[in-house]
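Structural overview for review
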Amino acid sequence: MRLALIGFGNVGRALARLLVEKRKEYPFTITGIHTLRHGTAVDPAGLPAGPAMGPRAASVDEFLDAARAEAAVELTTLNPTDGQPAIAHIRAAFARGMHVVTANKGPIAHAFAELRDEAARAGLGFRFESAVMDGAPVFNLWRHTMPGVRVLGFTGALNSTSKVVIETMERGGSFEDGLAAARAMGITEADGAFDVEGWDSAAKTAALANVLLDACTTPQQVSTRGITRLTPARVAEIHRQGKTVRLISRARRTSSGVTLRVRAEVLDRADILASPSGTSNILLFHTDLMGTFGTVSIRPGVEQTAYGVFSDMVEIWRIWRQTP
Ligand SMILES: NC(=O)c1ccc[n+]([C@@H]2O[C@H](COP(=O)([O-])OP(=O)(O)OC[C@H]3O[C@@H](n4cnc5c(N)ncnc54)[C@H](OP(=O)(O)O)[C@@H]3O)[C@@H](O)[C@H]2O)c1
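1. Quick look at the side chain of Glu265
For Glu265, the location among the structural elements is in strand β10 (residues 257-268). The buried category is assigned to Glu265, whose relative accessible area is 12%. In this structure the side chain of Glu265 is engaged in a polar contact, spanning 2.8 Å, whose partner is the side chain of Arg250. For Glu265, the side chain forms a polar contact with the side chain of Arg261, separated by 3.3 Å. Among all residues touching Glu265, those that are not within four sequence positions of it are Thr244, Val245, Arg246, Ile248 and Arg250.

2. Description of the pattern of salt bridges
One pass over the structure, following the stated rule, counts 15 salt bridges. Of the charged contacts, one joins Glu70 and Arg2 as a salt bridge, the two residues approaching to 2.6 Å between their closest N and O atoms. Of this pair, Glu70 sits in the loop between α2 (60-67) and β4 (71-74) while Arg2 sits in strand β1 (residues 2-6), placing them 68 residues apart in sequence. Asp214 is paired through a salt bridge with Arg116; the nearest N and O atoms lie 4.0 Å apart.

3. Focus on the nonpolar core
Ranked by internal contacts, the top residues of the largest apolar core, which has 65 residues, are Leu64, Phe126, Trp142 and Leu208. With 7 residues, the single largest contributor to this core is helix α9 (residues 199-212). Leaving out residues up to four positions away in the same chain, Phe126 has contacts with Ile90, Phe94, Val100, Thr102, Ile108, Phe112, Leu115, Arg116, Ala119, Arg143 and Ile316. Formed by 28 residues, the second largest nonpolar core is a distinct cluster that contains Ala14, Leu15, Leu18 and Val309.

4. A word on helix α4 (residues 105-122)
An ideal rise of 1.5 Å per residue puts 26 Å on 18 residues; α4 reaches only 22 Å between its terminal C-alpha atoms. Residues of α4 that are buried: Lys105, Gly106, Pro107, Ile108, Ala109, His110, Ala111, Phe112, Ala113, Leu115 and Ala119. For α4, the N-terminal cap is Asn104; the gap from its side-chain oxygen to the backbone nitrogen of Gly106 is 3.0 Å. Trailing α4 by a residue or two, Gly123 shows a phi angle of about 70°, which is positive.

5. Description of the site of the ligand
The ligand sits among 24 residues. The nearest are Phe8, Val11, Arg37, His38 and Thr76. Taking Thr35, its side chain carries an N or O atom lying 3.5 Å from an oxygen atom of the ligand. Within the contact set of the ligand, an oxygen atom lies 2.7 Å away from a backbone nitrogen or oxygen of Thr76. Protein contact buries 83% of the 910 Å² of open area that the ligand shows by itself.

6. Focus on the packing of aromatic side chains
Applying the stated rule across the entire model yields 12 aromatic pairs. Taken together through their ring pairs, the aromatic side chains of Tyr26, Phe28, Tyr307, Phe310 and Trp317 make up a single cluster. Just above the ring of Trp317 sits the side chain of Arg321; from NZ or CZ to the centre is 4.3 Å.

7. Things to note about the packing of helix α1 (residues 10-21) against helix α11 (residues 302-322)
Remark: α1 packs on α11, axes separated minimally by 8 Å, with the N-to-C direction vectors making an angle of 65°. Considering the relative orientation of α1 and α11, their crossing is right-handed. Where α1 abuts α11, its residues Asn10, Val11, Ala14, Leu15, Arg17, Leu18 and Leu19 lie against Val302, Glu303, Thr305, Ala306, Tyr307, Val309, Phe310 and Met313. A class-by-class count of the residues in the contact of α1 with α11 yields 11 nonpolar, 2 polar and 2 charged.

8. Structural notes on the pairing of β4
Covered by surrounding structure in β4 are Ala71 and Val73 together with Ala72 and Glu74, the residues of both alternating faces. Judged from the 4 bridges that link them, β1 and β4 form a sheet pairing that is parallel. Bridged to Leu3 within β4 is Ala71. Relative to strand β5 (residues 99-102), β4 runs parallel, the two being bridged by 4 bridges. Considered in β5, the bridge of Glu74 is made with Thr102. Running through helix α3 (residues 86-95), the crossover from β4 to the neighbouring parallel element β5 is right-handed.

9. Points about α9
Taking 1.5 Å of rise per residue, 14 residues should cover 20 Å, and α9 covers 20 Å from first to last C-alpha, within 8% of that figure. In terms of burial, α9 is largely enclosed, as 12 of its 14 residues are buried. If you check which residues of α9 are buried, you get Asp200, Ser201, Ala202, Ala203, Lys204, Thr205, Ala206, Ala207, Leu208, Ala209, Asn210 and Leu212. Of the residues trailing α9, Asp214 is marked for its positive phi of about 50°.

10. Focus: the sheet that holds strand β6 (residues 126-127)
A sheet is described by the order of its strands in space; here 6 strands give the open sequence β3-β2-β1-β4-β5-β6, paired in mixed fashion. The strands lining the two open edges of the sheet, one partner per strand, are β3 (40-42) and β6. Strand direction decides the pairing type here: β1 and strand β2 (residues 29-34), joined by 5 bridges, are parallel. When the sheet's bridge partners are listed, Leu5 is paired in β2 with Ile33. Sheet contacts for α11: β1, β4, β5 and β6; angle to β5, the most-contacted strand, approximately 165°.

The rules behind each value
- Residues numbered from 1 in each chain as written.
- Predicted model: local features only at pLDDT ≥ 70, side-chain atom pairs only at ≥ 80, totals over all residues.
- Heavy atoms only, no water.
- Helix = DSSP H or I, 4+ residues; strand = E, 2+ residues; numbered from the N terminus.
- Buried < 20%, exposed > 50% of the residue type's maximum accessible area, 1.4 Å probe, protein only.
- Polar contact = N/O pair within 3.5 Å; in protein donor to acceptor, adjacent residues only side chain to side chain.
- Contact = heavy atoms within 4.5 Å.
- Salt bridge = Lys/Arg side-chain N within 4 Å of Asp/Glu carboxyl O.
- Core = buried A, V, L, I, M, F, W, Y, C linked by side-chain atoms within 4.5 Å.
- Expected span 1.5 Å × (residues − 1).
- Near = heavy atom within 4 Å.
- Areas by Shrake-Rupley, 256 points an atom, 1.4 Å probe, with all protein chains shown as cover.
- Phe/Tyr/Trp six-rings, centres within 6.5 Å; stacked < 30°, edge-to-face > 60°.
- Lys NZ or Arg CZ within 6 Å of the ring centre and 35° of its normal.
- Axes fitted to C-alpha atoms, helices over the stretch in contact; angles between N-to-C directions.
- Left-handed = near helix turned anticlockwise from the far one by under 90°.
- Nonpolar A, V, L, I, M, F, W, Y, C, P; charged D, E, K, R; others polar.
- Pairing = 2+ DSSP bridges.
- Right-handed = clockwise from strand over helix to strand, strands pointing away.

Structure (structure tokens):
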């Protein structure tokens, strides 16, 4: 199956490495790579590893036409405000009869229902496992298991940068020290303010709510407060009381719809939501038939994000190769 990669940063490069590693079992070939500032590379017969990038294609449409792939992989930078241009990239791929996999939560947070329906009408696959918690099963868990179970809500500690900032302050560092440490770990979004102001969590909350609770919402509709008002003195005081702070996403079905919020919450250190530290994440699902259960990911890295994309591609490939 031929792949056109839109975006070739940390995740795109990790994915390319994974495809080389799994080449014997899973026959994916990258025929095109399109970036913002690093140009475009295309070879419908398959690009070599570490391809030389040429001049940037004039548009994503021109790029996709040239790459002649069966699937597009959207891995551009998150835009939490409106999910663009990633949404347009996905539509350009659908318009060419291409399946789409993305790790970008922007399109899921802003336009999930429309994109899902457009893909279904065109008979195309559309997958996004890595949009929340990398390759740890979240969306695919509900696609493949749990028949008959209704999700009533969820609670998660989903933002790594805020955890690193809080833990740095607990050790006596400043807010800025924490943000610098998170940046050095490569876990902040392109604009670190997205993380500490809660936008990253709001985008994940909206994406989860759109898929699991049919919320048809956007990050702007999530009641959000980040951790920017936390001071080292306040964090130290909370720490002395045997507690900690986590940026928590909460969603709940109500009789009138869905309530969604992101808040810095003071938690007992023994609280399961407080347990994952650093880049580790936890998401609990509240359900009718299965009570509360969840997914935990311990110190995921970019390889786990690439794996989530890979797992989506394998599923699409399995369906694609059976299609006449
Ligand atoms: N990194 C993670 O651990 C992680 C985890 C989960 C989800 N994600 C999501 O995965 C996506 C990719 O993350 P990343 O860490 O790989 O980001 P990144 O390193 O910043 O790379 C982004 C890539 O997208 C390209 N790009 C940006 N705007 C573009 C446009 N309009 N047209 C074409 N290419 C464009 C960039 O081009 P240039 O190279 O020319 O700048 C770059 O190659 C993001 O949406 C992120 O939220 C990342």
